Amino acid sequence: MMPRRRAVTHRPHAPGAAPEAARVRRKNSGSSRLRRYLSLHIQAWWGSLGRIARAPLASFMTIAVIGIALALPGTFLTLLANMQKITAGWEGNMTELSVFLSKDLSNDAAAALTTELESWAEVESVRHITPEQGLAEFQRTLGGDDWLTLLGSNPLPGVLVVRPTVEQAAPERVQSLAERLRDLPEVESVQVDMEWLQRLHAIMALIERGVWILAGLLALAVLLIVGNTIRLTLESRRDEIIVLKLLGATDAFVRRPYLYAGAWYGIFGGVVAVALVSAVLWGLSKPVAQLAALYHSDIVLGWLDWVTAAGLLLGAVVLGYGGARLTVARHLRRIEPD
Amino acid sequence: MSRLVNGPGRFVTPSVMIQFSAVSKLYPGGHEALQGLSFAIERGEMVFLTGHSGAGKSTLLKLIAHIERASSGQVVVNERNLARLHRRQIPHYRRSLGMIFQDYRLLAERTVFDNIALPLIIGGYDEREIGRRVRAALDKVGLLSKEKYYPVELSGGEQQRVGIARAVVHKPALLLADEPTGNLDPDLSREIMSLFQAFNRVGVTVLIATHDVGLIASLPYRVLTLHNGRLSSGEGGAS
Ligand SMILES: Nc1ncnc2c1ncn2[C@@H]1O[C@H](COP(=O)(O)OP(=O)(O)OP(=O)(O)O)[C@@H](O)[C@H]1O
Ligand SMILES: [Mg+2]
C-alpha cells in the first residue's frame, strides 16, 4: 500500500482516489471498458423500466394520455388517407366537360366528332346530346307547354359530355383537356364542371392542414406531459439525486435513468396509440361497409398501414425522450447538495 | 511521511492535503459561520475537529467537499484550488473523497449492499470488483450478515456503519467524517475509531468532526478547535 501511495503523491495532478481507480482501469482492456460502459447503460435502461413498474398508476396515466394524444392525429390521418383514395375515384367518375358545339353543326358531324374524341388517350367516354334531346330534357324538367312553339325554333346547341380518364381527372389536367377541346373548330365553348372538385380539394387540403396542426399541438402536449411526469419523479427523488452528486456522480450518470424513463413512456404510449387507432378503424369498418353497400360501392376502410404505425411509435419515443431531456436539463441543475 | 517529495515551483507542496488560507464563510442571511481560518493538514494525517454546536464544524467540512463555497480566502485540497474547480470537474473531485454524514444519507430504496456499492458503480468499476470490495467494507464495519437489509431495517448505529463503509469502499485519499460516532455506544465508537486509525495507517488522510471530547482525549491526534467560526487551537502543522 505505502509504495503505491507515495508514487501517487509524486504526480502533481492526480487526485487521491484517481490512482486507485486508474489502477483498476489499467488492468482492463478497451473492450472491457466498452462492455462496462454498455452495462451501465443497460442497467439504467432496465432499471428505469423497473421504476416505472413500481409506480404503476402514475405511469399508466402518463402512458394512457400519451397514447390518446397520439391516437387522435393517427386516426385522423388514416381516415384522411382513406378519403383521398375514395375521392380520387370520384374525380374519374364525376368530372365532366360540357362541350357546346356550333349552332350550325349537323348531328352527323357531331356524331363523327364524338367518335374522334373517344379515340383520344385522355378521354374515357363521350356522350352526345343532340339539340332535340336537349330540348326534350329541358321540357321534362321544367314541364309546362310546348316550348318549341313558344320559342319558334330550338335555341339549344348540340352538346358533347366528355368524361376524362381517371389519370386525367386532376384539376390542372382537366383544364388542359378543356383548352384542347376549345381549339377545335366545331366547338363553340367548353364548360368544366369543376368547381365542386376544386372545392373538395381545397376542403381536403384544409382538413389535412388542420390535422397536422392538431398533431403538432398534441405532440407539444405529449412533451409537456412527459416533462411533468419526469419533473415529479425528479422532485420525489431529490434526496437520492443529492446523494449521488455527493458521491461524485456525473450529470450524465444522474440523468440517464430519467431519460430512459421518458423513452419507455414513449414506447408504451406509442403502442397504446397504435392499438387505439386500430380499434377505432375496426369499429368504423362495419358501418362504412354498410354505407358503401347502400351506394353500391365497394369502398373498404383501409387498415393502419405500417408506415403510419412505425411513424407513431417513432414519434412517441422521440417525444418521450425529448420531453424527459428538456425537463431534466432544466431541473437537475437546481438539485444540488446543501 | 511524504515530505521528501516537495517538488520545486509547486503552488502548494504536495505534502499538504488540505490548506485553508484566510477562509471566511458568510451564509446568505448574513451569518458568518467561519471567519479568517488558516490551517494546513498534512497528507496522511489524522485530525479531529471540535467545537460547540454551531461553531462551524459542518460548514468547514462542506467547504472541503465543495458543497459550500468560501466567501473569501482560499481552500486548496489535494493541490486543487477549489475556487477554480469547474462545474464539470466537481464529480471527479468528489470521487477522491470519502464522506460520512451527520444524517447518514443512505438511499432508502436500496439494500445495504447496493448503498455501499454506489461509489463503485459511479466510478465505473466492474461487477466482480464491486462485489469483492463491498464485502470487504461490510466485513470491516461488522455488517457482513446484513447486506440484503434495507436501511430502515437497521438501527441508527448500523446505518452509521453502512455510511462509513460507503465512504471508504472506493479507498479515497481523504476521509471526511461529520459526527461519525454520534449514534454509537462507547464500545462501538472505539471500534469505529480504530477503523479510522487503520485507514490512516495505510495513508488515508482523515478529518473527523466530533463533540466527543472524551474520545478525542484518549487518542494521540491533533485537534482543531472552532469557537464561533474561529480557530482557537490546533492551527499549526502536524504535531
Ligand atoms: N445553509 C445555511 N444557511 C444559513 N446559515 C447556516 C447554514 N448552515 C449552517 N448555518 C449556520 O452556520 C453556523 C455553523 O453551522 P454548522 O452546521 O457548521 O455548525 P456545527 O459546528 O456543525 O454544529 P453542530 O455541532 O450542531 O452540528 C450555525 O450558526 C448555523 O446556524
Ligand atoms: Mg454539524
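Residues numbered from 1 in each chain as written. Chains lettered and ligands numbered in written order. Predicted model: local features only at pLDDT ≥ 70, side-chain atom pairs only at ≥ 80, totals over all residues. Heavy atoms only, no water.

What follows is about the domain arrangement of chain A. We note that the domain assignment places domain 1 (44–89 + 199–334) and domain 2 (96–193) within chain A. Each of domain 1 of chain A and domain 2 of chain A has a C-alpha centre, and the two are 54 Å apart. (Domains from an automatic or database assignment.)

Let's shift gears to the environment of Ala165(B). Within the fold, Ala165(B) resides in helix H5 (residues 156–168). The residues touching Ala165(B), leaving out its near neighbours within four places in the chain, are Ile116(B), Ala137(B) and Val141(B). (Helix = DSSP H or I, 4+ residues; strand = E, 2+ residues; numbered from the N terminus. Contact = heavy atoms within 4.5 Å.)

Turning next to the nonpolar core. Counting 76 residues, the largest nonpolar core has Ile18(B), Phe20(B), Leu60(B), Ile64(B) and Leu207(B) as the members making the most contacts within it. The greatest single-element share of this core, amounting to 11 residues, is contributed by helix H11 (residues 251–294) of chain A. Not counting chain neighbours up to four residues away, the residues in contact with Ile18(B) comprise Phe39(B), Ala40(B), Ile41(B), Ile64(B), Val76(B), Val77(B), Leu174(B) and Leu207(B). Listed in part, the 40 residues of the second largest apolar core include Ala117(B), Ala165(B), Ala167(B) and Leu219(B). (Core = buried A, V, L, I, M, F, W, Y, C linked by side-chain atoms within 4.5 Å. Buried < 20%, exposed > 50% of the residue type's maximum accessible area, 1.4 Å probe, protein only.)

Looking now at the sheet that holds strand S9 (residues 222–227) of chain B. All names here are of chain B. Spatially, the 6 strands line up as an open sheet ordered S6-S7-S8-S3-S9-S10, and their pairing is mixed. Pairing within the sheet leaves two strands with one partner each, and these edge strands are strand S6 (97–100) and strand S10 (230–233). Across the sheet, the mean angle from the axis of one strand to that of its neighbour is 20°, orientation sign disregarded. With 4 bridges joining them, strand S3 (residues 46–51) and strand S8 (residues 205–209) adopt parallel strand pairing. Paired with Phe48 across the two strands is Ile208, which belongs to S8. The sheet contacts of helix H1 (residues 57–64) involve S3, S6, strand S7 (174–178), S8 and S9, and relative to S7 the element is tilted by about 150°. (Pairing = 2+ DSSP bridges. Axes fitted to C-alpha atoms, helices over the stretch in contact; angles between N-to-C directions.)

What follows covers the site of ligand 1. All names here are of chain B. Neighbouring residues of ligand 1: 13 residues in total, closest Ser53, Gly54, Lys57, Ser58 and Thr59. At 3.2 Å, a side-chain N or O of His31 approaches an oxygen atom of ligand 1. Between an oxygen atom of ligand 1 and a main-chain N or O atom of Gly56, the distance comes to 3.0 Å. About the coverage of ligand 1: the protein hides 66% of its 640 Å² of free accessible area. Considering every element that reaches the shell around ligand 1, the biggest residue donor is H1, with 3 residues. Broken down by class, the residue content of the shell around ligand 1 amounts to 3 nonpolar, 9 polar and 1 charged. (Near = heavy atom within 4 Å. Polar contact = N/O pair within 3.5 Å; in protein donor to acceptor, adjacent residues only side chain to side chain. Areas by Shrake-Rupley, 256 points an atom, 1.4 Å probe, with all protein chains shown as cover. Nonpolar A, V, L, I, M, F, W, Y, C, P; charged D, E, K, R; others polar.)

With that settled, the discussion passes to the coordination of the magnesium ion (ligand 2). Angles at a metal have ideal values that depend on geometry: 109.5 degrees with four tetrahedral donors, 90 or 180 degrees with six octahedral donors. Residue and element names in this part refer to chain B. For the magnesium ion (ligand 2), the protein coordination sphere consists of Ser58 (OG) and Gln102 (OE1), at 1.9 to 2.8 Å. Here Ser58, found in helix H1, pairs with Gln102, found in the loop between S6 and helix H3 (112–122); they are 44 residues apart in sequence, far enough to count as distant. Taking the relative accessible area as the measure of exposure, Ser58 reaches 21% and is therefore partly exposed. By relative accessible area, which is 43% here, Gln102 ends up partly exposed. (Donors = N, O, S within 2.8 Å, 3.2 Å for Na, K, Ca; no water.)

What follows deals with the sheet that holds strand S5 (residues 80–81) of chain B. In a beta sheet, neighbouring strands pair by backbone hydrogen bonds and run either parallel or antiparallel. All names here are of chain B. Read from one edge to the other, the open sheet built from 4 strands follows the order S2-S1-S4-S5, with strand pairing classed as antiparallel. Edge positions in the open sheet fall to strand S2 (32–42) and S5, since each of these has one partner strand only. Pairing of strand S1 (residues 16–26) with strand S4 (residues 72–77) involves 5 bridges; the strand directions are antiparallel. Looking at S4, one finds that Gln19 is bridged to Val76. On the sheet, H1 packs against S1, S2 and S4 and is oriented at approximately 120° with respect to S1.

Right, let's get into unusual backbone geometry. The phi dihedral of Glu79(B) is positive, around 70°, even though this residue is not glycine. Here Glu79(B) lies in the loop between S4 and S5.

This part covers the environment of Ala252(A). The topology assignment puts Ala252(A) in helix H11. For the pair Ala252(A) and Arg35(A), spaced 217 residues apart in sequence, the C-alpha to C-alpha distance is 18 Å.

When pLDDT is averaged along chain B, the result is 89, and 92% of the positions lie at 70 or above. The complex prediction reports pTM at 0.75, with the ipTM value standing at 0.89. (pLDDT = per-residue confidence, 0-100.)

Residues and elements named next belong to chain B. Counted according to the given criterion, the structure contains 19 salt bridges over all chains. A salt bridge links Arg222 to Glu45; the shortest N-O distance between them is 2.8 Å. Linking Arg222 in strand S9 with Glu45 in the loop between S2 and S3, this pair joins segments that are 177 residues apart in sequence. Taking relative accessible area as the criterion, Arg222 reaches 7% and is therefore assigned buried. Salt-bridge contacts for Arg135 lead to Glu147; the nearest nitrogen and oxygen are separated by 2.9 Å. With Arg135 in helix H4 (residues 127–140) and Glu147 in the loop between H4 and H5, this pair connects stretches of sequence that are 12 residues apart. (Salt bridge = Lys/Arg side-chain N within 4 Å of Asp/Glu carboxyl O.)

Here we come to the confidence of the model for chain A. For chain A, per-residue confidence averages 82 on the pLDDT scale, and residues scoring 70 or more make up 88% of the total. When pLDDT is averaged over each element of chain A, helix H10 (residues 238–246) of chain A comes out on top at 94 and helix H1 (residues 2–10) of chain A at the bottom at 38.

All names here are of chain B. The pairing of S9 with S10 spans 3 bridges and is antiparallel. Its bridge partner lying in S10, Thr225 is registered against Ser233. Two successive antiparallel strands, S9 and S10, enclose a turn made up of 2 residues, where Asn228 displays a positive phi of approximately 45°.

This part covers the packing of aromatic side chains. All chains considered together, the criterion is met by 6 aromatic pairs over all chains. Judged by centre distance (5.7 Å) and plane angle (20°), the rings of Trp264(A) and Phe268(A) are stacked. Residue Trp264(A) and its partner Phe268(A) are located together in helix H11, separated by 4 residues, close to a single helical turn. Trp264(A) gets classed as buried once you look at its relative accessible area, which sits at 8%. Ring centres 6.2 Å apart and planes at 65° place the aromatic pair Phe48(B) and Tyr221(B) in the edge-to-face group. Taken together, the residues Phe48(B) in strand S3 and Tyr221(B) in the loop between helix H7 (213–217) and S9 connect sequence positions 173 residues apart. By way of ring pairs, the aromatic residues Trp45(A), Trp46(A), Tyr260(A), Trp264(A) and Phe268(A) are connected into one cluster. Just above the ring of Trp120(A) sits the side chain of Arg180(A); from NZ or CZ to the centre is 3.8 Å. Over the ring of Phe101(B) we find Arg105(B); its NZ or CZ atom is 5.5 Å from the centre of that ring. (Phe/Tyr/Trp six-rings, centres within 6.5 Å; stacked < 30°, edge-to-face > 60°. Lys NZ or Arg CZ within 6 Å of the ring centre and 35° of its normal.)

Moving on, we come to H1(B). All names here are of chain B. Of all 8 residues that make up H1, 6 are buried, and the element is covered over most of its length. Considered for burial, the residues of H1 that qualify are Lys57, Thr59, Leu60, Leu61, Leu63 and Ile64. A positive backbone phi angle near 60° is found at His66, which sits one or two residues after H1.

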